[in-house]
Amino acid sequence: MIYEDSLDFAESLDREDPLASFREQFNFPREKNGQSPVYLCGNSLGLQPKLAADLVQTELEKWKDLAVDGHFQSERPWVNYHQHATDGFAELTGAKPGEVVAMNTLTVNLHLLMASFYRPTPERRKIIIEAGAFPSDQYAAASQIRLRGFDPESDLLEWQPRPGEMHLRLEDLEAMLDHEGSSVALLLLPGVQYYTGQVLDMRAICELGRLHGCKVGLDLAHAIGNVALELNAWAPDFASWCTYKYLNAGPGAIAGAFVHETHRSPDDFLHGWWGNKQSTRFAMRPKFEPAEGAEAWQMSNPPILSLAPVIASLQLFRQAGLEGLRNKSAMLTGYMHWLIETRFGDRIGNITPTDARGCQLSLVVKDASTDARTLFDRLCERNVTGDWRNPDVIRVAPAPLYNSFVDVFDFAERLSDALDA
Ligand SMILES: Cc1ncc(COP(=O)(O)O)c(C=O)c1O
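What counts and how
Residues numbered from 1 in each chain as written. Predicted model: local features only at pLDDT ≥ 70, side-chain atom pairs only at ≥ 80, totals over all residues. Heavy atoms only, no water. Near = heavy atom within 4 Å. Polar contact = N/O pair within 3.5 Å; in protein donor to acceptor, adjacent residues only side chain to side chain. Areas by Shrake-Rupley, 256 points an atom, 1.4 Å probe, with all protein chains shown as cover. Nonpolar A, V, L, I, M, F, W, Y, C, P; charged D, E, K, R; others polar. Helix = DSSP H or I, 4+ residues; strand = E, 2+ residues; numbered from the N terminus. Expected span 1.5 Å × (residues − 1). Buried < 20%, exposed > 50% of the residue type's maximum accessible area, 1.4 Å probe, protein only. Pairing = 2+ DSSP bridges. Axes fitted to C-alpha atoms, helices over the stretch in contact; angles between N-to-C directions. Contact = heavy atoms within 4.5 Å.

(A) Molecular detail of the site of the ligand. Within the structure, the ligand sits among L106, T107, F134, D137, D219, A221, H222, Y244 and K245. The contact in question runs from an oxygen atom of the ligand to an N or O atom on the side chain of T107, over 2.5 Å. Here H222 contributes a side-chain N or O atom positioned 2.9 Å from an oxygen atom of the ligand. Here the ligand, which alone exposes 390 Å², has 82% of that area covered by the protein. Partitioning the shell around the ligand into residue classes produces 4 nonpolar, 2 polar and 3 charged.

Here it is in structure tokens:
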């Protein structure tokens, strides 16, 4: 793609964009200091789909008009409301419908899934995460190790980038596993690293895990709705994702989980009544009868008001199609990268690997005369929403479902202004 640094060019790309109309289906934040929003924070909290309010309102009305009868006698009965997310999740993750379920929140799911798939023995007890993992994953893994009577100081291993490098190399994970794979119980790794935006080779990670007899769990918080996934084929043992980032389901919205079909009838996992098969769930028997597949991991009846926006959002994703979104995303992020390099190459760098990225670019300031945090604050004053990640990264992520090429161009204009302020 040959890019040009002009508003006309950005507008022409928007005119040719087959997904451009989806932008109108979202609410954008307000003007600030007389400037329209340039929202580039879908990697943290996606914008609100207009449909979300409609679907939440429908459930509020049902509760008002039908009360308890909403569970069974309504258009989308609450008893299986979570299943309206199943096909959308399966499509976005390349899973079979029986392998995915909407439930809980991400960290809770990681714990529940580790309760099943992290079964350490004195010989095989370690967990590998990536260096600089999102803190919640780090805390979750360390606390699981402690809970099972082992010591995270020695048993939580980190896959590190090489000195002077930012990105994780697969051959280094391979070397770690060659060296001590027989003591590793679980690889708990992200699909997309939250800080650098690096997309990891999930297929290869799953293969390596299998080769060394380790279980594999993937945190897909930054991957779902962003990059193509083939979970059934790659076959991690489990995965989980939140839905408030690229899936635009709202703050703290209900998350998703995947359990590979090979674990269809597990022996050991934590039971709750919603994991009992639906046909006998209300028979109120003392003996648990698991649902088929991932649904067996459910615990409680799900919060319907938090599920409704997930269903709204998945509807939009299904209309747009992930392949088209990926194509647009490569162009949008490519355009942003090109503009930054062309205009500010000596002042602003980018630590996201060009050959392994989704929407996100993680920007760093190169020239000593500019303080990165000050620059970030100036961008906020100009109504650019990205996010700051300590110690020194500004993350920006044009989301192909609602961002335009003009957004990307405006970002470059405001960055220019902020750098010169
Ligand atoms: C990679 C990653 N893991 C875990 C979490 C924690 O998510 P939750 O608060 O939904 O448990 C986040 C949240 O942003 C995240 O980015």
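Alright, that's what it looks like, and here's the rest.
(B) Examining helix α11 (residues 304-320) more closely. For α11, spanning 17 residues, the distance from its first C-alpha to its last is 25 Å, which sits close to the expected 24 Å at 1.5 Å a residue. For α11, the tally of buried residues reaches 13 of 17 residues, placing the bulk of the element in the interior. Positioned one or two residues after α11, G321 has a phi angle of 85°, which is positive.

(C) Geometry of the sheet that holds strand β7 (residues 184-190). As summarised here, the arrangement of the 7 strands in space is β4-β10-β9-β8-β7-β5-β6, forming an open sheet in which the pairing is mixed. Every interior strand has two partners, whereas the edge strands, β4 (100-102) and β6 (156-159), have only one. Between one strand axis and the next, the sheet turns by 20° as a mean value, whatever way the strands run. Examined bridge by bridge, strand β5 (residues 126-130) and β7 share 3 bridges and lie parallel to one another. What sits directly across from K126, in β7, is V184. Strands in contact with helix α3 (residues 86-93) are β4, β9 (238-241) and β10 (256-259); relative to β4, the strand with the most contacts, it is inclined by about 130°. Strands in contact with helix α5 (residues 135-147) are β5, β6, β7 and β8 (215-219); relative to β6, the strand with the most contacts, it is inclined by about 145°.

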